[in-house]
Amino acid sequence: ESTEWRSYDGSNNNLINPNQGEIYEPFIRVAQQQFFNPDDYPTLSIPLSREVSNIVCDQQSPVPSKELLSDMFNMWGQFLIHNMAHALPTPTNGKYPVKVPQCDKVFDPSCEGNKTLPYFRTRVTEVDCSTPFSTRQENNLCMEQVNSLSAYIDAKPVYGVFKARVNLLRAFKNGEMKLTDLGEKGEFPPKGIAGLEMDNDARRYPIDQLFSLGERRGNENPGLTVVHNIWLREHNRMARKIVRDNPSFEDEKVFQMARSCVIENIQQITYEEYLPSLLGESLPPYSGYDDEVNAQISNEFTTVAFRFGHSEVGPTIESVNADGTYNQPLPLKDSYFNPKWLEEQGMENVIRGLSYKQEESVDIYMISDLRNFLFGRPGAGGMDLASRNLQRSRDHGIATYNTVRKSLGFQPVNSFSDITSDPVIQQRLEAAYKTVDNVELFTGGLSEDHIGNGAVGQTFHRLITEQFERTRKGDRFWYEQPWMKRVNAHCEPDTFANIIRRNTKDMGQLQKNIFHIPNVPSPVCELSTSTPSPSSFHFRRSIQTADSYIYFQQSSLANNNIIPLLNQSNNQLIPIPIPIPIPNFSVY
Ligand code: HEM
């Protein structure tokens, strides 16, 4: 009996329409394409992308995640989107530089007035004008951006989207992937495989010193590379187990069986741990495969809504030793395409750092390392991710916030206070857009108050839910399909925390749901009266009081001494000599 394994490029997943969801297919839309101009900047009555970024997105002080999400949560999000979508910027497809406003403090300090940040437009393809929400251009054609990945959640960051790519990454022995043994530090991906394209936007190290991975963006930051490496290790662990149980199986069969387990587990963690943490609720139970559902990514989801992740990234990546002491954190701007730091710190230290540290809130604010130092210093390749997101949205002709809301069946907003209850954000939006109908989907969506127990507002909640419903319903190989359960009977799916534990050494204490920071063991905590030394603490967390955030670190795993670290209102380290009841966070 031969098993059908899923293709690498997404072809033949849908048997009625074998190209559906395949690489280089157009995105679909959930709202009308607006202001798209295939040849030039669209005519818009709103400020430049960088101006909006400056007025609306400039982050002045930390805002920790109210939902107590961890940095591992944002790293999973980045890994996940690298599995689902890539609107690949293509130099031949036209430039569309981000114009810098004159006297921009960071990018035009000497007021020259001619500065731009590089931007390449996304590749487009012609689509039939009967395609929902497409707009006929002057030349009578309808155009749509192309997804340079296949749509399905199929562990592409581990294996790649082409057979030629996975072949460069495979050991071709016992079904294993190539891994390099670094002794005490464990196994790491190979480096500099010839012919395997890897992004290296920061150019900090020569390309042959970067890890060779299934996804070209995999070295973007060490936290992301951690997730890659865990799944590579898990693949080989499964392959070894399969060979032990079935010594006669050939390399190809073992490889596909292990790959299928990795895919199953990534799907399961996404739907059982990641999405409930993001949305504040689980999706309804799986109701089976439907070949009429198109799993293709929506342009609004990837160009806008799922970029919510850029606001939750913090200014440092932490490294925590096995005894709970903290090492020097890595500033985010030094983390881009920096594989060396991960090797130096080791997987375990970085995983502890990612899982203990509370992430930044999902909100309109983006830290300076992303908004001014993206992949380089200002003037030396530095860019602004907020501008890039807005420019990408304008390049793609993404409809305005209110148009998308109407298309989703929501009431359009009439005032800035309909979008957010935060008066500062209302003022920022008004300063940039003047009227609510001008508000873009990115800024409007990120400004919304979070809905229910979720970490995003109503509009992004719907766009994300809509996408992930189709992603599983339109995937013939979805792990909950009865036949896939039989194919994967040999697999050992588990929580992400347990998968990490299995593939690392002496991880020590890890919370059950690693996407939330660890729970405080007791609802009432004694407070120390001494000023903490920053290196000797375990868990960092915060509670919100009426007018400020107070940061806490837990001084030891063994006791409940919680020490306030930083009062945001005056930026001082302040020990508070009275016991404060800590809310009983039930995060796992
Ligand atoms: C250090 C962290 C991160 C960096 C430096 C980063 C950087 C980038 C860059 C440079 C782009 C391309 C922008 C463009 O030209 O349009 C991008 C795209 C994107 N990012 Fe991130 N990102 C990070 C984390 C995240 C996280 C945590 C998420 C989600 C949870 C996320 C979601 C996305 C999405 C959805 C896209 C668009 C994908 C596509 O359609 O091509 N990113 N990111």
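Given the structure is predicted, the values throughout are model-derived calculations rather than measurements.

J.: Could you give me a rundown of the site of the ligand, with the residues and numbers involved?
T.: Neighbouring residues of the ligand: 25 residues in total, closest Ala87, Glu220, His310, Arg388 and Arg392. Of all the secondary-structure elements, those providing two or more residues to the shell around the ligand are α2 (71-84) and α11 (385-395). Among the elements that take part in the shell around the ligand, α2 stands out by supplying four residues, more than any other. Here the residues of the shell around the ligand are counted per class, giving eleven nonpolar, eight polar and six charged.

J.: Just give me the short version of the pattern of salt bridges, but keep the residues and values in it.
T.: Enumeration over the complete set of coordinates arrives at 28 salt bridges. Across the pair Arg216 and Asp199 runs a salt bridge, and its minimum N-O distance is 2.9 Å. Taken together, the residues span a long stretch of sequence, with Arg216 in the loop between β7 (187-188) and α5 (222-245) and Asp199 in the loop between β7 and α5 at a distance of 17 residues. Looking at Asp199, the relative accessible area reads 14%, which means it is buried. The network of salt bridges with shared partners includes Glu234, Arg237, Lys241, Asp245, Glu492, Asp494 and Arg502.

J.: Which residues make up the state of the cysteines, and what values do they have?
T.: One pass over the full model with this rule turns up three disulfides. Each sulfur of the disulfide joining Cys103 and Cys111 lies 2.0 Å from the other. Its S-S torsion of approximately 130° makes the covalent link between Cys103 and Cys111 right-handed. For Cys103, a relative accessible area of 37% corresponds to the partly exposed category. The exposure class assigned to Cys111 is partly exposed, which follows from its relative accessible area of 33%.

J.: Give me the lowdown on the coordination of the iron atom of the ligand, citing residues and values where you can.
T.: When only protein atoms are considered, the iron atom of the ligand has one donor, His310 (NE2), at a distance of 2.1 Å. Turning to its location among the elements, His310 is positioned in the loop between α7 (299-303) and β8 (316-317).

J.: Now, about the sheet that holds strand β1 (residues 25-26): what can you tell me, with residues and values included?
T.: Pairing is antiparallel in the open sheet, where three strands are placed in the order β1-β5-β4. Taken across any chain shown, the strands that pair with only one partner, and hence form the sheet edges, are β1 and β4 (124-127). Examined bridge by bridge, β1 and strand β5 (residues 142-147) share two bridges and lie antiparallel to one another. Of the residues in β5, the one forming a bridge with Pro26 is Val146.

J.: I'd love a proper account of the pairing of β5, names of residues and values included.
T.: Along a regular strand, successive side chains alternate from one face of the sheet to the other. The buried fraction of β5 is high, at six of six residues. Across four bridges, β4 lies against β5 in antiparallel orientation. The residue of β5 that forms the bridge with Val127 is Cys142.

J.: Residue-level account of the packing of helix α1 (residues 49-57) against helix α14 (residues 423-433), with values.
T.: Relative to each other, α1 and α14 sit at 160°, their axes nearing to 8 Å. Between α1 and α14, the angle is such that the two are roughly antiparallel. Both α1 and α14 take part in a crossing whose hand is right-handed. For the pair formed by α1 and α14, the contact residues are Val52, Ile55, Val56 and Cys57 on the first element and Arg428, Leu429, Ala431, Ala432 and Tyr433 on the second. Residues of the contact of α1 with α14, tallied by class, amount to eight nonpolar, no polar and one charged.

What counts, and at which threshold
- Residues numbered from 1 in each chain as written.
- Predicted model: local features only at pLDDT ≥ 70, side-chain atom pairs only at ≥ 80, totals over all residues.
- Heavy atoms only, no water.
- Near = heavy atom within 4 Å.
- Helix = DSSP H or I, 4+ residues; strand = E, 2+ residues; numbered from the N terminus.
- Nonpolar A, V, L, I, M, F, W, Y, C, P; charged D, E, K, R; others polar.
- Salt bridge = Lys/Arg side-chain N within 4 Å of Asp/Glu carboxyl O.
- Buried < 20%, exposed > 50% of the residue type's maximum accessible area, 1.4 Å probe, protein only.
- Disulfide = S-S within 2.5 Å.
- Donors = N, O, S within 2.8 Å, 3.2 Å for Na, K, Ca; no water.
- Pairing = 2+ DSSP bridges.
- Axes fitted to C-alpha atoms, helices over the stretch in contact; angles between N-to-C directions.
- Parallel < 35°, antiparallel > 145°, perpendicular 65-115°, else oblique.
- Left-handed = near helix turned anticlockwise from the far one by under 90°.
- Contact = heavy atoms within 4.5 Å.

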